[in-house]
Amino acid sequence: MHNQIAEDICQRVYAATNDYYHQCEEALGKYALGFRILYGPPVVDAPFLFLGYQPGGRTIDCATHHETWPEACDYATEDWPLAKQVRAIWEQEVVARCTGLNAIFFRSPSIADWNRIPKTLRIDLEIFSRKNAERIVRALRPECLIVIGLGTFNWLTQSEPSLHGEKGRVLARKGTLWGCKAIGTVHLSGSRISRGDRECLKAYFAALQTSQRTEQTQEGWSA
């Protein structure tokens, strides 16, 4: 898909989300903390697209990021704990060519707070988010979708273990999601990853990138 077509799709998702959020804002009440969609430009055919569960939220954040995406990938430039962990595993130069979003667009300080929203409204917000996250992923066609958090990955798709770390801990699972090869990881900033497990993840994804480059080269030869 051409970059401009993908950008147009993403911009339509922003507009639809803005409209939907304003429709729900009164019902959300004190839980109306805004939304966040893309964490970088909508790069087509990126090596990775990072998919989290939900953006965090505070009142100060509630009016930000509603109109469009940042000019550079936040995971490559920001100092949040998650961004630092992503760079430690995939390296800044690779991350700068990627982007990210969440399975749920609407901000919440915690899962516990999110679950306090009336169930029918919460489920509607989740369905809306997943449907539009899928639209974005299918438009951007990343080489691999990285789902941050094994609980999130299991919520979205079926999978099987693909990487074990120290003490036999499952560090990654593999499957498919929204037409993409997908890998779920332990939550990189919230699950107390040991140095050994972090190095294991780093080596795993370095090998995956090498495999992706080999496949691209072979496709080029056969074209």
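Computed from a predicted structure; not experimentally measured. (Residues numbered from 1 in each chain as written. Predicted model: local features only at pLDDT ≥ 70, side-chain atom pairs only at ≥ 80, totals over all residues. Heavy atoms only, no water.)

1. Describing the overall build of the chain
Counting secondary structure elements, the chain contains 8 helices and 6 strands. Each helix and strand of the chain, ordered N terminal to C terminal, gives the series α-β-α-α-α-β-α-α-β-α-β-β-β-α. The globule rule puts the C-alpha radius of gyration for 223 residues at 17 Å, and the 17 Å found for the chain is close to it. In terms of overall dimensions, the chain has a C-alpha envelope of 55 × 45 × 30 Å along the principal axes. The buried share among the 223 residues of the chain stands at 49%. In the chain, of all internal contacts separated by at least 6 residues, the share reaching a separation of at least 24 is 74%. Counting every atom, the chain has about 11000 Å² of accessible surface; 50% of that belongs to carbon and sulfur. Averaging the coordinates of the 26 positive side-chain charges in the chain and doing the same for the 25 negative ones gives two points 7 Å apart. (Helix = DSSP H or I, 4+ residues; strand = E, 2+ residues; numbered from the N terminus. Rg over C-alpha atoms; globule rule 2.2 N^0.38 Å. Buried < 20%, exposed > 50% of the residue type's maximum accessible area, 1.4 Å probe, protein only. Contact = heavy atoms within 4.5 Å. Areas by Shrake-Rupley, 256 points an atom, 1.4 Å probe, with all protein chains shown as cover. Lys, Arg positive; Asp, Glu negative; His and termini not counted. Charge placed at Lys NZ, Arg CZ, Asp CG, Glu CD.)

2. What to know about helix α1 (residues 3-28)
Taking 1.5 Å per residue as the helical rise, α1 with its 26 residues ought to reach 38 Å, and the 35 Å between its terminal C-alpha atoms agrees with that figure. Residues of α1 that are buried include every one of Ala-6, Ile-9, Cys-10, Val-13, Tyr-14, Thr-17, Asn-18, Tyr-20, Tyr-21, Cys-24 and Leu-28, and no others. In this structure, the buried side of α1 is in contact with α6 (119-140). Positioned one or two residues after α1, Gly-29 has a phi angle of 60 degrees, which is positive. (Expected span 1.5 Å × (residues − 1).)

3. Section: the side chain of Arg-173
Here Arg-173 is to be found in strand β5 (residues 170-177). Buried and unpaired, Arg-173 has no salt bridge, with Glu-160 as the nearest side chain of opposite charge at 7.6 Å. A distance of 2.8 Å separates the side chain of Arg-173 from the side chain of Ser-159, its partner in a polar contact. Leaving out residues up to four positions away in the same chain, Arg-173 has contacts with Leu-150, Phe-153, Asn-154, Ser-159, Glu-160, Pro-161, Ser-162, Ala-182, Ile-183 and Gly-184. (Salt bridge = Lys/Arg side-chain N within 4 Å of Asp/Glu carboxyl O. Polar contact = N/O pair within 3.5 Å; in protein donor to acceptor, adjacent residues only side chain to side chain.)

4. What to know about the sheet that holds strand β3 (residues 145-148)
Taken together, the 6 strands give an open sheet; going across it, the order is β2-β1-β3-β6-β5-β4, and neighbouring strands pair in mixed fashion. With one partner strand each, in any of the chains shown, β2 (99-102) and β4 (159-164) form the two edges of the open sheet. Neighbour to neighbour, the strand axes of the sheet diverge by 25 degrees on average, direction disregarded. Here 4 bridges tie β3 to strand β6 (residues 180-185), and the two strands are oriented parallel to one another. Looking at the pairing, Val-147 lines up with Gly-184 of β6. Sitting on the sheet, α6 is in contact with β1 (49-52), β2, β3 and β6, with an inclination near 160 degrees to β2. (Pairing = 2+ DSSP bridges. Axes fitted to C-alpha atoms, helices over the stretch in contact; angles between N-to-C directions.)

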